Amino acid sequence: MSTATQVSALRTPVALGHLALVAAVVVWVGVDTLFAEHADASLAGVWAFLVTAPASLLFVMLPGPPAWAGVVVGAVVQAAVLGVLYRKVSDRFGHRTGPSNA
């Protein structure tokens, strides 16, 4: 798959929606971490990995900030896959090759 195809796949509504969802979850995790007080540990950070799984789960065992790189990688990989699938489905149902008998 060429770079132009990957970039155009990331511009589809489904891919942009997924990236917006991941961004919203990451913002929520950040707000929860910075401003909410918990008697014990919060599991809010787990959601960032869950919405970008399975790709992000490959990075979970890394210590510190490299683990969070998995969230970014997972989000981009999933958005690209969703974008490619969206293009294939929309091309399949959007373009008719035969004559219309309407």
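Position numbers for residues start from 1 in each chain and track the written sequence from start to end. Local features in this predicted model are restricted to residues whose pLDDT is 70 or higher, and side-chain atom pairs enter the listing and the counts only when it is 80 or higher, whereas totals over whole chains, interfaces and linings include all residues. Hydrogen atoms and water are omitted, and side-chain values are computed over all heavy atoms in the structure.

(A) Region of the structure containing unusual backbone geometry. Cis peptide bonds are those with omega within 30 degrees of zero, and the linkage from alanine 53 to proline 54 qualifies with 10°. Along the chain, proline 54 turns up in the loop between helix H3 (44-50) and helix H4 (65-94). Helical segments are the DSSP runs of H or I of at least four residues, strand segments are the runs of E of at least two, and each set is numbered from the N terminus.

(B) Region of the structure containing helix H2 (residues 13-35). A helix is expected to reach a length of 1.5 Å times the quantity of its residues less one. Its 23 residues place the ends of H2 32 Å apart at the C-alpha level, agreeing with the 33 Å of an ideal helix rising 1.5 Å per residue. Inspection of H2 places Ala15, His18, Val22, Val25, Val29 and Asp32 among the buried residues, and these make up the whole buried set. Any residue under 20% of the maximum accessible area for its type is buried, any over 50% is exposed, and the rest in between are partly exposed; the area is computed with a 1.4 Å probe on protein chains only.

(C) Representation of a nonpolar patch on the surface. Patches here are clusters of residues that have more than 30% relative accessible area and form no salt bridge, with a 9 Å joining cutoff for like charges and a 5 Å cutoff for nonpolar side chains (Val, Leu, Ile, Met, Phe, Trp, Tyr). Computed with the Shrake-Rupley method and a 1.4 Å probe, the accessible areas treat only the protein chains shown as cover for residues. Each salt bridge in this description consists of a side-chain nitrogen of Lys or Arg and a carboxyl oxygen of Asp or Glu lying within 4 Å of one another. The grouping of Trp28, Leu43, Val46, Trp47 and Leu50 at the surface amounts to a nonpolar patch, some 550 Å² of accessible area in total. By secondary structure assignment, the location of leucine 50 is in helix H3.

(D) Local environment of the side chain of serine 56. Along the chain, serine 56 turns up in the loop between H3 and H4. There is a polar contact of 2.9 Å between the side chain of serine 56 and the backbone oxygen of phenylalanine 49. Apart from the residues within four sequence positions on either side, serine 56 is in contact with Phe49, Gly70, Val71 and Gly74. As used in this structure description, the phrase polar contact means that two N or O atoms lie within 3.5 Å; if the pair is within protein, one of them must be able to donate a hydrogen and the other to accept it, and residues adjacent in sequence are counted only when both atoms belong to side chains. Every residue pair with non-hydrogen atoms within 4.5 Å of one another is taken to be in contact.

Take it as geometry only, folks, not as evidence of what the structure does.
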